[in-house]
Amino acid sequence: MTVHNIYIFDRNGSCLYYNEWNRKKQAGISKEEEFKLMYGMLFSIRSFVSKMSPLDMKDGFLSFQTSKYRLHYLETPSGLKLVLNTDLSVNSARETLQHIYSNLYVELVVKNPACSPAPSLDSELFCSRLDAFVRSLPFFSPRAA
């Protein structure tokens, strides 16, 4: 079990934060291009799910999986989008993303007058606490198979 990477986007699609832990394959494009592709994919999936769902979905989509990884997604009421990519053995990271948002982002970024999240999140305290939190997760493995 492992965590590959995390993205945090603002409501306009700007990547505020990115970190990776056990990513084995690089995209072969610049990080900025990768961020645009990820946000575009999220936008498209959200739109597709909302149009195709037979019921009114209050949460939209929560995750999707490929044959190699699972993408976990959380969108906050303010439009912040958190994406956590894990291996397939992690069924749900909803509580993990909620914790990152509520206990780390809100407490260390939003409530911190010295920290401005735009255009990128440069809070060393947030970065170090997020890294420590992810490494403490039961599904984090420093040596991904």
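Counting restarts for each chain: residues are numbered from 1 in the order of the written sequence. For a predicted model such as this one, the threshold for reporting local features is a pLDDT of at least 70, and the threshold for listing and counting side-chain atom pairs is 80 or more; totals across whole chains, interfaces and linings nevertheless cover every residue. Computation of side-chain values covers all heavy atoms of the structure but excludes hydrogens and water.

As annotated in an unreviewed UniProt entry, the protein carries the name Trafficking protein particle complex subunit and is attributed to Oryzias melastigma. UniProt positions are given in the numbering used here, feature names are shortened, and annotations may be inferred rather than shown by experiment. Per UniProt, the comment on the protein under Subunit (unreviewed entry) is "Part of the multisubunit transport protein particle (TRAPP) complex. The heterodimer TRAPPC6B-TRAPPC3 interacts with TRAPPC1 likely providing a core for TRAPP complex formation."

Draft legend 1. Highlighting the overall build of the protein. Labels follow the DSSP assignment, with helices taken as runs of H or I lasting at least four residues and strands as runs of E lasting at least two, numbered in each case from the N terminus. Across its full length, the protein holds three helices and five strands. Shown N-terminal to C-terminal, the secondary structure of the protein runs as helices and strands in the order β-β-α-β-β-β-α-α. Atoms counted for the radius of gyration: C-alpha only. Globule rule: 2.2 Å times residue count to the power 0.38. Relative to the compact-globule value of 15 Å for 145 residues, the protein shows a C-alpha radius of gyration of 15 Å, a close match. Contacts were defined at the residue level, with two residues in contact if any of their heavy atoms lie within 4.5 Å. Contacts spanning at least 24 positions in sequence make up 49% of the contacts within the protein whose residues lie at least 6 apart. Computed by Shrake-Rupley with a 1.4 Å probe, the accessible areas treat only the displayed protein chains as cover when residues are assessed. Total accessible area on the protein stands at roughly 8500 Å², and carbon and sulfur atoms take up 55% of it. Just so you know, the count uses Lys and Arg for positive and Asp and Glu for negative, and it drops His and the chain ends. Each charge is placed at NZ for Lys, CZ for Arg, CG for Asp and CD for Glu. Of note, the protein has its 17 positive side-chain charges centred 5 Å away from the centre of its 14 negative side-chain charges.

Draft legend 2. Spotlight on the pattern of salt bridges. By definition here, a salt bridge exists when the distance from a side-chain nitrogen of Lys or Arg to a carboxyl oxygen of Asp or Glu is within 4 Å. Under the defined criterion, the tally for this structure stands at six salt bridges. For the salt bridge of glutamate 75 with lysine 81, the shortest nitrogen-to-oxygen distance reads 3.5 Å. Taking the relative accessible area as the measure of exposure, lysine 81 reaches 5% and is therefore buried. With its nearest N and O atoms 3.0 Å apart, the salt bridge here joins glutamate 107 to lysine 111. By relative accessible area, glutamate 107 is classed as partly exposed at 40%. Taken together, the shared-partner salt bridges in this structure form one network comprising Glu20, Lys31 and Glu34. Residue burial is assigned from relative accessible area. The probe radius is 1.4 Å, only protein chains are included, and a residue is buried under 20% of its type maximum, exposed over 50%, and partly exposed in between.

Draft legend 3. Fine view of the pairing of strand β2 (residues 15-20). Relative to β2, strand β1 (residues 3-9) runs antiparallel, the two sharing five bridges. From the neighbouring strand, asparagine 5 faces β2, where its bridge partner is glutamate 20. Note: two strands are recorded as paired if DSSP finds a minimum of 2 bridges between them. The hairpin turn running from β1 into β2, its antiparallel successor, is five residues long, and glycine 13 in that turn takes a positive phi close to 95°.

Draft legend 4. Seen up close, helix α2 (residues 94-110). Taking 1.5 Å per residue, 17 residues should reach 24 Å; α2 reaches only 21 Å between its end C-alpha atoms and comes up short. Among the residues of α2, Thr96, Leu97, Ile100, Tyr101, Leu104, Tyr105, Val106, Leu108 and Val109 are the ones counted as buried. Against the buried residues of α2 lie β1, β2, β4 (70-75), β5 (81-86) and α3 (124-136). Multiplying one less than the number of residues by 1.5 Å gives the expected span of a helix.

Draft legend 5. Just α3, in detail. With 13 residues, α3 extends 18 Å from end C-alpha to end C-alpha; this agrees with the ideal 18 Å at 1.5 Å per step. When we look at burial in α3, the residues that qualify are Phe126, Leu130, Phe133 and Val134. Along the long axis of α3, the arc covered by the buried residues comes to 95°, so they all point the same way. Of the exposed residues in α3, the ones pointing more than 90 degrees away from its buried face are Glu124 and Ser136. Taken together, the buried residues of α3 touch β1, β2 and α2. Directions pointing from the helix axis toward each C-beta atom define the arc.

Draft legend 6. Highlighting the sheet that holds β5. Reading across the sheet, the five strands line up as β2-β1-β5-β4-β3 and stay open at both edges, with antiparallel pairing between neighbours. Because the sheet does not close on itself, it has two edges, and the strands there are β2 and β3 (63-65). Here the strands of the sheet are splayed against their neighbours by 10° on average, with no regard to which way each runs. Bridge count between β3 and β4: three bridges; the pairing is antiparallel. Here an axis means a line fitted to C-alpha atoms, over the contact stretch when the element is a helix, while the angle between two N-to-C directions is reported on a 0 to 180 degree scale.

Draft legend 7. Representation of the packing of aromatic side chains. Stacked, tilted and edge-to-face are the three classes assigned to paired rings of Phe, Tyr and Trp, where Trp is represented by its six-membered ring and a pair needs centres within 6.5 Å; plane angles under 30 degrees give stacked, over 60 edge-to-face, the rest tilted. Following the criterion strictly, the structure yields ten aromatic pairs and no others. Among the aromatic residues, ring-to-ring pairing joins Tyr7, Phe9, Tyr18, Phe35 and Tyr39 into one connected group.

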